[in-house]
Amino acid sequence: FSEHILVLPEAIEQAATCEFEHDGTLDRYLAGLVTFAKLKADSANDLKLNEHLATQAGLGHFRGDLGENAKIRYASDYSATYKGVTRLFPLHVTLGAGLNPRACMSICFDWDPEARKLILARFGRHGRGA
């Protein structure tokens, strides 16, 4: 996992309090994130869209960006500090549906082309403004 994905402290803190109850679904998505990171790291895929790679990795409910409402009004829900800069992490997958944190969660991330790793920034309750 750590060969392909860097988990930020914010995500680790959120994971500790995550109420999501569907471990099988979560396991599949975590495996899919590793597959997505491996595909992104392969230079043969440099020109392929994230959405295409996410489909190949089996990441249903993948989105390549946040909605304008989420970006403007609720940016803090989708932000983390990476390399000393607090910024949005727009790539995300949503597991489940609704606003109940036991039945729905989000994982927000982005790709660092220098490190050739997926940076996982949010892990838990679905953010506001979605």
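See the structure above.
Here the structure is a predicted model, which is why all the values come from computation and not from measurement.

Participant: An account of the side chain of Ser-106 is needed here, citing residue identities and associated values.
Facilitator: Topologically, Ser-106 is positioned in strand β6 (residues 104-112). The class for Ser-106 is buried, based on a relative accessible area of 1%. Looking at Ser-106, its side chain comes within polar contact range of the side chain of His-126, at 3.5 Å. Apart from residues lying up to four places away in sequence, Ser-106 is in contact with Val-93, Thr-94, Arg-122, Phe-123, Gly-124, Arg-125, His-126 and Gly-127.

Participant: Could you give an account of the nonpolar core, with specific residues and numbers?
Facilitator: The biggest cluster of nonpolar side chains holds 25 residues, and the ones touching the most others in it are Phe-36, Leu-59, Ile-107 and Phe-109. For this core, the element with the highest residue contribution is helix α2 (residues 23-41), accounting for 7 residues. With residues up to four places along the chain from it excluded, the contact list for Phe-109 reads Leu-33, Phe-36, Phe-62, Phe-89, Pro-90, Leu-91, His-92, Val-93, Leu-118, Ile-119, Leu-120 and Ala-121. Leu-66, Tyr-74, Ala-80 and Ala-121 belong to the second largest nonpolar core, which has 11 residues in total.

Participant: Which residues make up the environment of Ser-79, and what values go with them?
Facilitator: In this fold, Ser-79 is placed in strand β3 (residues 79-82). C-alpha separation for the pair Ser-79 and Phe-89, spaced 10 residues apart in sequence, amounts to 5.9 Å. When sequence neighbours within four positions are dropped, the list of residues in contact with Ser-79 reads Thr-86, Arg-87 and Leu-88. At a separation of 2.6 Å, a polar atom in the side chain of Ser-79 contacts the main-chain carbonyl oxygen of Ala-75.

Thresholds, definitions, all that
Residues numbered from 1 in each chain as written. Predicted model: local features only at pLDDT ≥ 70, side-chain atom pairs only at ≥ 80, totals over all residues. Heavy atoms only, no water. Helix = DSSP H or I, 4+ residues; strand = E, 2+ residues; numbered from the N terminus. Buried < 20%, exposed > 50% of the residue type's maximum accessible area, 1.4 Å probe, protein only. Polar contact = N/O pair within 3.5 Å; in protein donor to acceptor, adjacent residues only side chain to side chain. Contact = heavy atoms within 4.5 Å. Core = buried A, V, L, I, M, F, W, Y, C linked by side-chain atoms within 4.5 Å.

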